[in-house]
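What follows is each chain in one-letter form.
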Amino acid sequence: MITTEQIKQLSTAEKLQLMETLWQELTAEGADQLASLSWYQQALQQTEHAVKEGDEVTHDWELRKRGRG
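Since we're looking at a predicted model, the values are computed, not measured. (Residues numbered from 1 in each chain as written. Predicted model: local features only at pLDDT ≥ 70, side-chain atom pairs only at ≥ 80, totals over all residues. Heavy atoms only, no water.)

### Topic: the overall build of the protein chain
What the protein chain contains, in helices and strands, is four helices and zero strands. Counting from the amino terminus, helix and strand elements in the protein chain follow one another as α-α-α-α. Counting over 69 residues, the protein chain shows a buried share of 3%. Of the roughly 6400 Å² that the protein chain leaves accessible, carbon and sulfur atoms contribute 54%. (Helix = DSSP H or I, 4+ residues; strand = E, 2+ residues; numbered from the N terminus. Buried < 20%, exposed > 50% of the residue type's maximum accessible area, 1.4 Å probe, protein only. Areas by Shrake-Rupley, 256 points an atom, 1.4 Å probe, with all protein chains shown as cover.)

### Details of the pattern of salt bridges
Tallied over the full model, the rule gives four salt bridges. Across the salt bridge formed by K65 and E62, the nearest N and O atoms sit 3.4 Å from each other. In this pair, K65 and E62 both sit in helix α4 (residues 61-65), three residues apart, roughly one turn of the helix. A salt bridge links E62 to R66; its shortest N-O distance comes to 3.8 Å. Look at the salt bridges and you will find they share partners, linking E20, E62, K65 and R66 into a network. (Salt bridge = Lys/Arg side-chain N within 4 Å of Asp/Glu carboxyl O.)

### A closer look at a nonpolar patch on the surface
Among the surface-exposed residues, L37, W39, Y40 and L44 lie close enough to one another that they form a single nonpolar patch of about 450 Å² accessible area. Here W39 is to be found in helix α3 (residues 38-53). The exposure class assigned to W39 is exposed, which follows from its relative accessible area of 55%. (Patch = residues over 30% accessible without salt bridge, like charges linked within 9 Å, V, L, I, M, F, W, Y side chains within 5 Å.)

### A few points about α3
Taking 1.5 Å per residue, 16 residues should reach 22 Å; α3 reaches 23 Å between its end C-alpha atoms and fits that length. Two residues or fewer past α3, G54 is found with a positive phi of approximately 80°. (Expected span 1.5 Å × (residues − 1).)

### Some thoughts on the packing of aromatic side chains
If you walk through the whole model with that rule in mind, you get one aromatic pair. Ring centres 5.7 Å apart and planes at 80° place the aromatic pair W39 and Y40 in the edge-to-face group. (Phe/Tyr/Trp six-rings, centres within 6.5 Å; stacked < 30°, edge-to-face > 60°.)

### Description of the confidence of the model for the protein chain
Overall, the prediction assigns the protein chain a mean pLDDT of 86, with 87% of residues at 70 or greater. Predicted confidence in the protein chain is weakest over α4, with a mean pLDDT of 84, and strongest over helix α1 (residues 4-8), with 96. (pLDDT = per-residue confidence, 0-100.)

What follows is the structure, encoded as structure tokens:
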């Protein structure tokens with residue numbers, strides 16, 4: 001298992017890759033196994049509403065990771 005100290009020693013790019021890999025592994029197990037906190041669900045709904053109303057700007061994650069967008 002990777003330790004907190006090992007994570008602290010990673011570069012930002014390596015940390016982002018680690019996060020992406022972890023998320024892929026978690027979602028591969030099935031999204032239904034990922035319980036969401038009620039406050040988080042509410043925050044997601046508020047953001048979704050703001051995007052629909054044009055009050056929130058979205059950015060392409062793939063472009064952001066490459067330093068663009």
